[in-house]
Amino acid sequence: MSLLPALAEELGATVEALLAGSLSPDELQGGTMRRTAFRVCPSCGNIITTTGDADVSCCGRKLGPLPVQAADDAHAMRVEDAEGDWYLTFDHPMEKAHSLGFAAVVGYDRLAVEKLYPEQGGEARLPHLPGGTLYTWCTEHGLMRHPAARPRR
């Protein structure tokens, strides 16, 4: 068992793939920003993003991508221009048991994520990325994709 991490590194695989016996050569699948997936570790709260298929583990747990849903009225946000950035505000509860855990924007060639905490107010500031898609993650209701943002000036 102690040799598995070194063997996995040498083979360019994960320990999980070795144990599962799934070391067949995969076709190279390049990631694109359109394939961005978000994962959140339920133990430590790490936010992990990938731009393609990936086996991701954190705190000893395998993490699947969060399913994306359209934002409903309870998760709506207001978007304003703030010196070239997007200033987001929302009326979502920010309580320990129910809050927004992060806000993110995914553009053509990059992404930005702002971690949110229950004790802070309902706001975030993200860079304005042309063609960007906004997301929020609710600790109770999951990952939300927001309609195309048109900032108020």
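Residues numbered from 1 in each chain as written. Predicted model: local features only at pLDDT ≥ 70, side-chain atom pairs only at ≥ 80, totals over all residues. Heavy atoms only, no water.

I keep staring at the overall build of the chain and nothing clicks. Help me out?
When helices and strands are counted, the chain shows 2 helices and 12 strands. Element order for the chain, N to C, with α for helix and β for strand: α-α-β-β-β-β-β-β-β-β-β-β-β-β. With respect to the principal axes defined by its C-alpha atoms, the chain has extents near 55 × 35 × 25 Å. Buried residues in the chain amount to 35% of all 153 residues. A sequence separation of at least 24 residues applies to 49% of the contacts in the chain between residues at least 6 apart. (Helix = DSSP H or I, 4+ residues; strand = E, 2+ residues; numbered from the N terminus. Buried < 20%, exposed > 50% of the residue type's maximum accessible area, 1.4 Å probe, protein only. Contact = heavy atoms within 4.5 Å.)

For this particular structure, what's the right way to read the sheet that holds strand β6 (residues 77–82)?
Backbone hydrogen bonds hold the strands of a sheet together, and the pairing may be parallel or antiparallel. With antiparallel pairing, 3 strands are arranged side by side in an open sheet as β6-β7-β10. In the strand order of this sheet, the two ends are held by β6 and β10 (123–127), each with one partner. The average undirected angle you get between the axes of adjacent strands in this sheet is 25°. Here 5 bridges tie strand β7 (residues 85–90) to β10, and the two strands are oriented antiparallel to one another. If you follow Leu88 over to β10, its bridge partner there is Ala124. (Pairing = 2+ DSSP bridges. Axes fitted to C-alpha atoms, helices over the stretch in contact; angles between N-to-C directions.)

How do you make sense of the nonpolar core when you look at a structure like this?
Most often, soluble globular proteins have nonpolar side chains that are buried together. Grouped together as the largest cluster of nonpolar side chains are 16 residues, with contacts concentrated most on Leu88, Val105, Leu116, Leu126 and Leu134. If you look at the next biggest cluster of nonpolar residues, it comprises 9 residues, including Phe38, Ala104, Val106 and Tyr135. (Core = buried A, V, L, I, M, F, W, Y, C linked by side-chain atoms within 4.5 Å.)

Can you walk me through the environment of Arg34 in this structure?
As for its position among the elements, Arg34 is in the loop between α2 (15–20) and β1 (37–40). Taking the C-alpha atoms as reference points, Arg34 and Glu95, 61 residues apart in sequence, are found 32 Å from one another.

How should I be thinking about the sheet that holds strand β9 (residues 111–115) in this particular structure?
Across the sheet, which stays open at both edges, the 5 strands sit in the order β5-β12-β11-β8-β9 with mixed pairing between neighbours. Each edge of the open sheet is held by one strand with a lone partner, namely β5 (68–70) and β9. Adjacent strand axes in the sheet meet at a mean angle of 25° when their direction is disregarded. Direction of pairing for β5 relative to strand β12 (residues 142–145): parallel, over a ladder of 3 bridges.

Would you take a moment to explain the state of the cysteines for this structure?
Joining two cysteines, a disulfide is a covalent bond between their sulfur atoms. Tallied over the full model, the rule gives 0 disulfides. Free of any disulfide, Cys44 has its nearest cysteine sulfur in Cys58, 3.6 Å distant. Cys44 gets classed as partly exposed once you look at its relative accessible area, which sits at 41%. (Disulfide = S-S within 2.5 Å.)

Please clarify how the side chain of Arg39 should be interpreted in this entry.
Here Arg39 is to be found in strand β1. Buried charge without a partner: Arg39 forms no salt bridge, and the closest opposite charge is Asp53, 6.8 Å away. Looking at Arg39, its side chain comes within polar contact range of the main-chain oxygen of Ala54, at 3.5 Å. Polar contacts involving the side chain of Arg39 include one to the main-chain carbonyl oxygen of Leu63, which spans 3.0 Å. If we ignore the near neighbours within four places in the chain, the residues touching Arg39 are Asn46, Ile47, Ile48, Thr50, Ala54, Val56, Leu63, Gly64, Pro65 and Leu66. (Lys, Arg positive; Asp, Glu negative; His and termini not counted. Salt bridge = Lys/Arg side-chain N within 4 Å of Asp/Glu carboxyl O. Polar contact = N/O pair within 3.5 Å; in protein donor to acceptor, adjacent residues only side chain to side chain.)

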